[in-house]
Amino acid sequence: SEQGCLSVIVLGASGDLAKKKTFPALFHLFAQGFLQSGDVHIFGYARSNLSDDGLRERIHGYLKGASEEHLSEFLQHIKYVSGSYDSGEGFEKLNKEISEYEMSNKSESSRRLFYLALPPSVYPSVCKMIRTYCMNPSGWTRVIVEKPFGKDLDSAEELSAQLGELFDENQLYRIDHYLGKELVQNLLVLRFANRLFLPLWNRDNVDNIQIVFREDFGTDGRGGYFDQYGIIRDIIQNHLLQVFCLVAMEKPVSLKPEHIRDEKVKVLQSVNPIKHDEVVLGQYEGYKDDPTVPDDSNTPTFASVVLRVHNERWEGVPFILKAGKALSSRKAEIRVQFKDVPGDIFKSKKQGRNEFVIRLQPSEAMYMKLTVKKPGLEMATEQSELDLSYGMRYQNVKIPEAYERLILDTIRGDQQHFVRRDELKAAWQIFTPLLHDIDAGNLKAVPYQPGSRGPKEADELSERVGYVQTHGYIWIPPT
Ligand code: BG6
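Computed from a prediction, not measured in an experiment: that's the story for all the values here.

Peer 1: What is the right way to read the site of the ligand from this model?
Peer 2: The ligand sits among 13 residues. The nearest are Lys147, Tyr178, Lys181, Glu215 and Asp234. A distance of 2.8 Å separates an oxygen atom of the ligand from a polar atom in the side chain of His177. Between the ligand and Glu215, the relevant distance is 2.5 Å, taken from an oxygen atom to a side-chain nitrogen or oxygen of the residue. Protein contacts shield 83% of the accessible area of the ligand, which totals 390 Å² for the unbound molecule. In terms of residue count, helix α8 (residues 223–248) provides more of the shell around the ligand than any other element does, three residues in total. Classifying every residue of the shell around the ligand by side-chain character gives three nonpolar, three polar and seven charged.

Peer 1: How should I be thinking about the environment of Ser389 in this particular structure?
Peer 2: Looking at the element boundaries, Ser389 is found in strand β14 (residues 381–389). What makes Ser389 buried here is its relative accessible area of 3%. The spacing of Ser389 and Ile211 is 178 residues in sequence and 19 Å in space, taken between C-alpha atoms. Apart from residues no more than four positions distant in its own chain, Ser389 is found in contact with Glu364, Ala365 and Trp475.

Peer 1: Looking at this structure, how should I read the packing of aromatic side chains?
Peer 2: Working definition: an aromatic ring pair is given by the centre-to-centre distance plus the angle between the planes. Within the structure shown, the criterion is met by 17 aromatic pairs. Where Phe197 meets Trp201, the ring centres are 5.6 Å apart and the plane angle is 80 degrees; that geometry is what we call edge-to-face. The class of Trp201 is buried, set by a relative accessible area of 3%. Summarising the aromatic geometry, the rings of Trp314 and Phe319 are spaced 5.2 Å apart at their centres and angled 85 degrees between planes, so their arrangement reads as edge-to-face. Given the relative accessible area of 0%, Phe319 is considered buried. Chaining the aromatic ring pairs together yields one cluster made of Phe226, Tyr284, Tyr287, Phe302 and Tyr448. Just above the ring of Tyr229 sits the side chain of Lys151; from NZ or CZ to the centre is 5.5 Å. Over the aromatic face of Tyr394 sits the side chain of Arg393, whose NZ or CZ is 5.1 Å from the ring centroid.

Peer 1: Got a minute to help me understand the pairing of strand β5 (residues 141–146) in this structure?
Peer 2: In regular strands, side chains alternate between the two faces of the sheet. Here β5 lies mainly inside the structure; six of its six residues are buried. Of the two faces of β5, both are covered, the one formed by Thr141, Val143 and Val145 as well as the one formed by Arg142, Ile144 and Glu146. In this sheet, β5 lies alongside strand β4 (residues 110–116) in parallel orientation, the contact comprising four bridges. What sits directly across from Phe114, in β5, is Val143. After leaving β4, the chain enters helix α5 (residues 123–133) and then returns to the sheet as β5, a path that is right-handed. Taken together, the four bridges between β5 and strand β6 (residues 172–175) define a ladder with parallel strand orientation. Bridge pairing in β6 links Glu146 to Ile175.

Peer 1: Hey, could you run me through the state of the cysteines in this one?
Peer 2: Any covalent bond linking the sulfur atoms of two cysteines counts as a disulfide. Taken as a whole, this structure holds zero disulfides when the rule is applied. Here Cys127 is not cross-linked by a disulfide; its sulfur's nearest cysteine counterpart is in Cys134, at 11 Å. Residue class for Cys127 comes out buried when judged on its relative accessible area of 0%. Exposure remark for Cys134: the relative accessible area of 0% places this residue in the buried category.

Peer 1: When you look at the sheet that holds β4 in this model, what are you seeing that I'm missing?
Peer 2: A sheet is described by the order of its strands in space; here six strands give the open sequence β3-β2-β1-β4-β5-β6, paired in parallel fashion. Taken across any chain shown, the strands that pair with only one partner, and hence form the sheet edges, are β3 (78–82) and β6. Pairs of neighbouring strands in the sheet enclose a mean axial angle of 20 degrees, with direction left out of account. Pairing of strand β1 (residues 5–11) with strand β2 (residues 40–46), which is carried by six bridges, proceeds in the parallel orientation. Within the sheet, the bridge partner assigned to Leu11 lies in β2 and is Tyr45. Contacts between helix α1 (residues 16–31) and the sheet are confined to β1, β2, β3, β4 and β5, with β1 contributing the most and set at about 165 degrees to the helix. The strands that α5 touches are β1, β4 and β5; relative to β4, the one it contacts most, it runs at about 165 degrees.

Peer 1: Quick question: what am I supposed to make of the packing of α8 against helix α12 (residues 421–439) here?
Peer 2: How two helices pack is summed up by the angle between their axes together with the distance between the axes. Two numbers describe how α8 lies on α12: the axes approach to 11 Å, and their chain directions differ by 145 degrees. Of the two elements, α8 crosses α12, and the hand of that crossing is right-handed. Two secondary-structure elements touch here, α8 through Ile232, Arg233, Ile236, Gln237, Leu241 and Gln242 and α12 through Glu423, Leu424, Ala427, Trp428, Ile430, Phe431, Leu434, Leu435, Ile438 and Asp439. Considered class by class, the residues forming the contact of α8 with α12 number eleven nonpolar, two polar and three charged.

Peer 1: Before we go on, may I ask you to explain the side chain of Ser160 in this structure?
Peer 2: Here Ser160 shows up in helix α6 (residues 153–166). Aside from chain neighbours lying at most four places away, what touches Ser160 is Arg421 and Leu424.

Peer 1: Would you mind going over the sheet that holds strand β13 (residues 365–373) with me for this structure?
Peer 2: Adjacent strands of a sheet pair through backbone hydrogen bonds, lying either parallel or antiparallel. Taking strand neighbours across the sheet as the criterion, the nine strands line up as β14-β13-β12-β11-β7-β10-β9-β8-β15 in an open arrangement whose pairing is mixed. Only two strands of the sheet have a single partner each, and these edge strands are β14 and β15 (446–448). Sheet twist, expressed as the mean angle between neighbouring strand axes with direction ignored, is 20 degrees. In terms of strand pairing, β13 meets β14 through nine bridges, oriented antiparallel. The residue bridging Thr371 from the neighbouring strand is Gln383, located in β14. Packed on one face of the sheet, helix α7 (residues 182–192) meets β11 (331–338), β12 (355–361) and β13 and runs near 145 degrees to β12.

Rules and cut-offs
Residues numbered from 1 in each chain as written. Predicted model: local features only at pLDDT ≥ 70, side-chain atom pairs only at ≥ 80, totals over all residues. Heavy atoms only, no water. Near = heavy atom within 4 Å. Polar contact = N/O pair within 3.5 Å; in protein donor to acceptor, adjacent residues only side chain to side chain. Areas by Shrake-Rupley, 256 points an atom, 1.4 Å probe, with all protein chains shown as cover. Helix = DSSP H or I, 4+ residues; strand = E, 2+ residues; numbered from the N terminus. Nonpolar A, V, L, I, M, F, W, Y, C, P; charged D, E, K, R; others polar. Buried < 20%, exposed > 50% of the residue type's maximum accessible area, 1.4 Å probe, protein only. Contact = heavy atoms within 4.5 Å. Phe/Tyr/Trp six-rings, centres within 6.5 Å; stacked < 30°, edge-to-face > 60°. Lys NZ or Arg CZ within 6 Å of the ring centre and 35° of its normal. Pairing = 2+ DSSP bridges. Right-handed = clockwise from strand over helix to strand, strands pointing away. Disulfide = S-S within 2.5 Å. Axes fitted to C-alpha atoms, helices over the stretch in contact; angles between N-to-C directions. Left-handed = near helix turned anticlockwise from the far one by under 90°.

This is how it looks when you write it as structure tokens:
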């Protein structure tokens, strides 16, 4: 192709992330023609002693949703190289393989994308190896990394500094896969291409905003990893905070990645320190049954925190960020709740609040809770929905997987949906004092029943800061 042949190098190729996310995403891009068959080669790298076929067999079962033909063609483009993550030998061998492929391809320039599907503890050494042995002599080299980026402000900054010595910011792609979700990407359009929302999206009209993540399963064998991080580091400090940025930030000067990321940093810097009485932590009963979790663990598997934004648009509006594992349902949504209508003449008929809900998953949708006259002879009111359910409106559109989109962005060199170094720092600044207090045992996680809504204290907190309970709503396709 015009830009030369592409090598995608998946480091940690035999691990879970690679198997479940990275290879399937590459496969879908391949099957849809975004990776040109003659011009792409995928290298798996890991410590295990595997043959090319060994790797192919391992990932095979996870590659779904395209024809057998595509599948066997895709698998042919995969090669395996084994080596350690901290010795030159393996990376020299890897570089030799990549170079051989590039020579055989005969295009003038080439592209190298390294995907680190690895624990962050090895990022510094692996990046050093890439820098020393595997840089592309005739085109770009880009590196994808994924959280956790450190455990607090200092450790994150240390990691940033280490990587920053090896790669320029425009070579580093920090994935937050929530930024690859369709309805998260839609937030910019929704907010800045619709006149309707412009005058409403502020403290004069909005009472409170909730950004909620629920999962209906627990840590499922990941307890050992999870216990070192907890739900705030696993979900809130990154995924929910990124969503928060897009909901709360000011309009960027343009759609250029730097302009968008500038606004995200600004709104993060406007967040006040989190107050202890605006935090609820929970831990589901049975969490500590996992043998890799210590018996006295205070790690939260549920948290609700209130962010207060100190600026002209949002002063006084609570942003409730809530996430939990082992709850009653799996759902991620943004709920913008508007203030009551002043001088309400329907008082006796229980006027409900307007609420605008953006459901990220499952069943992507946006809907607006409105009060309407209940159809019929009586003058009664009820709450109804103005509904844009994607399953109804976009029946024949396949919504791409987050990783698919983000890998494609990386190949295209578009950093809009990736986290910039200063943004990461600002995100850690918000949560570090609270996390240190939790780690020191100054805040306790209250137990909750698996399969419940989480601790009742969380609902009480939401109500205390102004949220009025409404009912969820899901459009079910007719059978
Ligand atoms: C990951 C977390 O980043 O996101 C997991 O580490 C979580 O704990 C997952 O299950 C949720 O992602 P999604 O796309 O299924 O909502």
